[in-house]
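Summary of the model geometry
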Amino acid sequence: VIDEEIYWKFENWQNEIGFSSGTTWCLTNDETIRQIRFSIYDSENTGELSSLRIISPAFKITDYYENKKTIFEVGKKSFYLEDNSYYDGFVVEGFINDTFFSSYYGNQDESSFEVVKIEELKVYDPQKPDYKKIRLWIVVSCNLYLYDGQKIGSMDNGRFISKI
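The structure presented is a predicted model; accordingly, all values stated were derived computationally and were not measured. (Residues numbered from 1 in each chain as written. Predicted model: local features only at pLDDT ≥ 70, side-chain atom pairs only at ≥ 80, totals over all residues. Heavy atoms only, no water.)

**Description of the overall build of the protein chain**
We count it as follows: Only DSSP runs of H or I with at least four residues qualify as helices, and only runs of E with at least two residues qualify as strands; both kinds are numbered from the N terminus onward. Relative accessibility thresholds used throughout: buried, under 20% of the residue-type maximum; exposed, over 50%; partly exposed, between the two (1.4 Å probe, protein chains only). It only takes one pair of heavy atoms within 4.5 Å for two residues to be counted as in contact. Residue-level accessible areas treat just the shown protein chains as cover; the underlying method is Shrake-Rupley with a 1.4 Å probe.
Across its full length, the protein chain holds one helix and nine strands. Listing the helices and strands of the protein chain from first to last along the sequence gives β-β-β-α-β-β-β-β-β-β. Burial statistics for the protein chain: of 164 residues in total, 35% are counted as buried. A sequence separation of at least 24 residues applies to 54% of the contacts in the protein chain between residues at least 6 apart. If you sum the accessible surface of the protein chain, you get close to 10,700 Å²; carbon and sulfur atoms cover 48% of it.

Structure follows, in structure tokens:
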């Protein structure tokens, strides 16, 4: 799918299966520091996985677009671990059968997080002339852990396409 356009079509918006993206504040008093999150979810739990989310490193929303975009440039990325700052690494997290898991709580030495393609999208919004969007193609392999550091599984070559 790398060179193809991908479009999602939802026939039934009532099924509570979908995707979302947005920004969240970091745990700091500086409200200009944000992280981007994008996720897929199944609120009706029709499958084993009820949600899967990727959270980016933090950035200052007052930075120039080019500086913010460099977080998502093509190439290998690091995972956010306990000794990182807010500005380092990605996190993969979610719920399986109401059990929360995260890449944050354990070893990721053999794991990989790679942005394989980035595409700038044309956005015209007269209310937000500086508004920009990018589409990302990401491949992730990582270990998944419970809060207490117990490994519950892994993701092998998980493929994501997201627009942020």
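**Quick word on the packing of aromatic side chains**
For clarity, the threshold we go by: Stacked, tilted and edge-to-face are the three classes assigned to paired rings of Phe, Tyr and Trp, where Trp is represented by its six-membered ring and a pair needs centres within 6.5 Å; plane angles under 30 degrees give stacked, over 60 edge-to-face, the rest tilted. Geometrically, a charge over a ring is one whose NZ (Lys) or CZ (Arg) sits within 6 Å of the ring centre while staying within 35 degrees of the ring normal.
Tallied over the entire structure, the rule returns eight aromatic pairs. Between Tyr80 and Tyr104 the ring centres are 5.4 Å apart and the planes differ by 15 degrees, which places this aromatic pair in the stacked class. With Tyr80 in the loop between strand 4 (75-77) and strand 5 (91-96) and Tyr104 in the loop between strand 6 (99-102) and strand 7 (112-121), this pair connects stretches of sequence that are 24 residues apart. Consider the rings of Phe100 and Tyr147, whose centres lie 5.1 Å apart with planes at 25 degrees: the pair is stacked. Here Phe100, found in strand 6, pairs with Tyr147, found in the loop between strand 8 (133-145) and strand 9 (151-163); they are 47 residues apart in sequence, far enough to count as distant. You can call Phe100 buried: its relative accessible area is 15%. Seen from the ring of Trp137, Lys117 lies directly overhead, with NZ or CZ sitting 4.5 Å from the centre. Its end group placed over the ring of Tyr65, Lys132 keeps NZ or CZ at 5.3 Å from the ring centre.

**Focus: the side chain of Lys69**
Within the secondary structure, Lys69 is located in helix 1 (residues 65-69). Look past the residues within four positions of Lys69 in its chain and what remains in contact with it is Ile118, Glu120 and Ile134.

**Section: the nonpolar core**
Rules: By convention a nonpolar core is built from buried Ala, Val, Leu, Ile, Met, Phe, Trp, Tyr and Cys residues, the set being connected through side-chain atoms within 4.5 Å.
Phe72, Val92, Phe113, Leu136, Ile138 and Val140 are the most contacted members of the largest nonpolar core, which totals 22 residues. Of all the secondary-structure elements, those providing two or more residues to this core are strand 2 (33-42), strand 3 (49-60), strand 7, strand 8 and strand 9. The element that contributes the greatest number of residues to this core is strand 8, accounting for six residues. Contacts of Leu136, omitting those with residues within four sequence positions, involve Phe38, Phe72, Val115, Lys117, Ile118, Phe160, Ile161, Ser162 and Ile164.

**Description of the pairing of strand 3**
Applied cut-off: In this analysis, strands are considered paired if DSSP registers two or more bridges between them.
For strand 3, the buried fraction is high: nine of the 12 residues fall into the buried class. Bridging between strand 2 and strand 3 involves eight bridges; their strand directions are antiparallel. From the neighbouring strand, Phe38 faces strand 3, where its bridge partner is Ile54. Here strand 3 runs beside strand 5; their pairing, made up of six bridges, is antiparallel. Note that in strand 5 the partner of Ser51 across the bridge is Phe95.

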